[in-house]
Amino acid sequence: MSTPPKTIKKFGTLGGVFTPTLLTILGVIMYLRLGWVVGNAGLLGAWLIIIISFLITLCTALSMSAITTNIRIGAGGAYAIVSQALGLEVGGSLGIPRYISQGLAVTMYIFGFREGWLGIFPEHNAFLIDIIVFASLFTIAYISANLAIKTQFIIMGIIVLSLVSIVIAAYDGSMQQPISDSLSWGSFKGSAENRYSGSNFWIVFAVFFPAATGIMAGANMSGELKDPKRSIPTGTLWAIGVSFVIYMLLAFWISRSATEQELLTNYYIMVDKAYFGPIIIAGILGATFSSALASIVGSSRILYAMGEHKVLPFSNMLATTSHSGQPRNAMMVTGILIFFTLLLRNLNAVAPLVTLFFLITYAMINIVVIIEQRLGLISYRPVFRIYKWVPYLGLISSIFAMFIINPSISLISIAIVLMVYWYLSRQNLETPFEDVRSGLFVAFAEWAAKHTWGMKKMQQRAWKANLMVPVRDVNGLRGTFEFLRNIAKPKGSIKLLGIEPFTEQSKLIEQLEDISASFRIKGVFSSSTVIHADQFANGINYGSQALQGAFFRPNIMFLNLQDHDDYENELKPVMTESIRLEIGILLFNLHSKALLGQRNTINVWVSERKGNWQLGGLDIGNLDLSILVAYKLKMNWEARIRLITVVDNLEEETEAKMFLKTLTQLARLPETLTEVYLGNFTDMVTKAPPADLNIFGMQDALPYDFIKDMSQKTNSSCLFVRDSGQESILA
């Protein structure tokens, strides 16, 4: 029997975004602290505080509007926005603390409701009130978001009636204070808590600012909106506009309706000055209840979204929904979290974290928009367009507000986010959608390329082994897999270049990509491509020539000499062209029996310098790449290097020894052995101490006889090297 599809109730702009956002902004601070703000800052100061607070949230709302009209936003609101832009690690590092802070916010709103209730019924048990309110909230949210929205419409009606009561009071003559007195800058006398010992503008701002931080209430419902691209910008911006006008008018009314003394000493001044005080009390209760309801519904959606993306343990359980599409398991976990925070009874110590995590969220959303704008990708084309300075202003102002409110806890909040990111970055999360990180990395690479292009011939200190490996025999490539990896690891790269005539049935490109993926798994970046050419040498040279215009081009041509290779017609033309293009050459001849032995010792043969044994500069001849490769192998094999040279007369022996000693010092080659032999080079090769790999510099003529002769005489695998001229072991 098939399971019927889940039917999820979708909401429009009014119920899904505007109402929860407006009710969260028009919260308890409006009723119980706006009068105190005006009493301290005066009307002009209060207006300035309101303007600054709403300007900060407006910039972020505009940034959020832009980004939500550019992506297919899923459940989770701000978490979904950041995750789709910067990846699950960054999104989760923001989403997890934000989820916890939303749970703490529910508890604080419940405590606020309790304080309002005890103002009416002081004899009631405080803890019992908390439990009843929590149970009511949880029941409404658990049944469905639809019921929560309908409940908020009722609360909206109560708040509207409370505002009507204030309007009637104004018409009834409550505004008795002279305009000259009300239109003034405040004296900032403080509050009863500090015995009116004084305050300042920014302290008062810090008290008021949380009132303006409710703009995410609608965005948290992103997964259950009919048209989030339209509803989130429209509903959020209208909620900000309406609430801004209400705050500005209320500040003017209360400044004309009460004296400074009344405003400073009576947090319930609006109740006393309204036409019908009890409706203001109902508004306070409704505001705290609606804010708590929006937070519990929103936080469960954040948890559900993180479960969907496998960010958290037990993600499959968290991502389960009911037949009506409600994230009931996530709601249960959220309810348990809130219940335990209720047992704390006092959240003063962690209350600032709630506001600061909101501000970190705002900052991150602005960062996302800044990155999208700066990348200049064609995929960033939001329907809702904003000026480029808006996210910058939003980012700066959000950070500014954080450190104005509480510098110490701001640093703690940022540290928590960074720790969560560190944890998630080690979990190998699989992102189910494409984010902009690839574009970000490409942008950095382009920036670096543009700024270093003129220096690309002078990169000896930044040298890394970037190998081009021509392939026509995949089995031969597999045989040199570890050797190549040991040369390139850790920061080098390997470009696999397949060469073959065109055929419909070819599987070479898939085989190379499999091997390339294996390199990446083993810690070396690798890519692959195939060039269709009838002649092996031509195909390789076409690839080398084409890559000359690239910034990140290979600097080493790696050729694996095998029995079936035609050295004169296939490999030598490639080496000749590589020399012309200033690409280093590694010609590898793997011994059929010795292979690479125990990988304990590497002999590097230094050609006789014919009386030129002085190290006066950086030019040491065709030796740099040989020692660089030997050093890479030494590090990855945990082997030792032995430098060997042969002189044909006794007079040069001392100079040769000093040359090798000085070379090891200048090249910073610790624990390197040196040997100087007197006699014929070819004879001495057979008498040299055995090694797992012998490295020889390649002569200008690239003679094949020399290559075969050395491989036979050393009875080992050999590597024949030709510098490009762009390397330096002394750099």
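Residues numbered from 1 in each chain as written. Predicted model: local features only at pLDDT ≥ 70, side-chain atom pairs only at ≥ 80, totals over all residues. Heavy atoms only, no water.

A. Structural view of the packing of helix α9 (residues 201–208) against helix α17 (residues 389–405). Axis separation between α9 and α17 bottoms out at 9 Å; the angle between their running directions is 105°. By the angle between their directions, the pair α9 and α17 is classed as roughly perpendicular. Here α9 contributes Trp-202, Phe-205 and Ala-206 to the contact with α17, which in turn contributes Phe-400, Ala-401, Ile-404 and Ile-405. (Axes fitted to C-alpha atoms, helices over the stretch in contact; angles between N-to-C directions. Helix = DSSP H or I, 4+ residues; strand = E, 2+ residues; numbered from the N terminus. Parallel < 35°, antiparallel > 145°, perpendicular 65-115°, else oblique. Contact = heavy atoms within 4.5 Å.)

B. Seen up close, the environment of Thr-662. With respect to the helices and strands, Thr-662 occurs in helix α26 (residues 653–666). On a C-alpha basis, the gap between Thr-662 and Leu-615 in space is 7.8 Å, while along the polypeptide they are 47 residues apart.

C. Structural detail: the pattern of salt bridges. If you walk through the whole model with that rule in mind, you get ten salt bridges. Among the ionic pairs, Glu-568 bridges to Lys-572, the shortest N-O distance being 3.8 Å. Of the two residues, Glu-568 and Lys-572 both sit in helix α24 (residues 567–580), four residues apart, roughly one turn of that helix. Its relative accessible area of 43% is what places Glu-568 among the partly exposed residues. Accessibility expressed as a relative area gives 23% for Lys-572, which makes it partly exposed. The shortest N-O distance in the salt bridge between Glu-653 and Lys-657 comes to 3.7 Å. Here Glu-653 pairs with Lys-657, and both are found in helix α26, just four residues apart, close to one helical turn. On the basis of relative accessibility, which here comes to 46%, the residue Lys-657 falls in the partly exposed class. Where salt bridges share partners, they join Arg-472, Asp-565 and Glu-570 into one cluster. (Salt bridge = Lys/Arg side-chain N within 4 Å of Asp/Glu carboxyl O. Buried < 20%, exposed > 50% of the residue type's maximum accessible area, 1.4 Å probe, protein only.)

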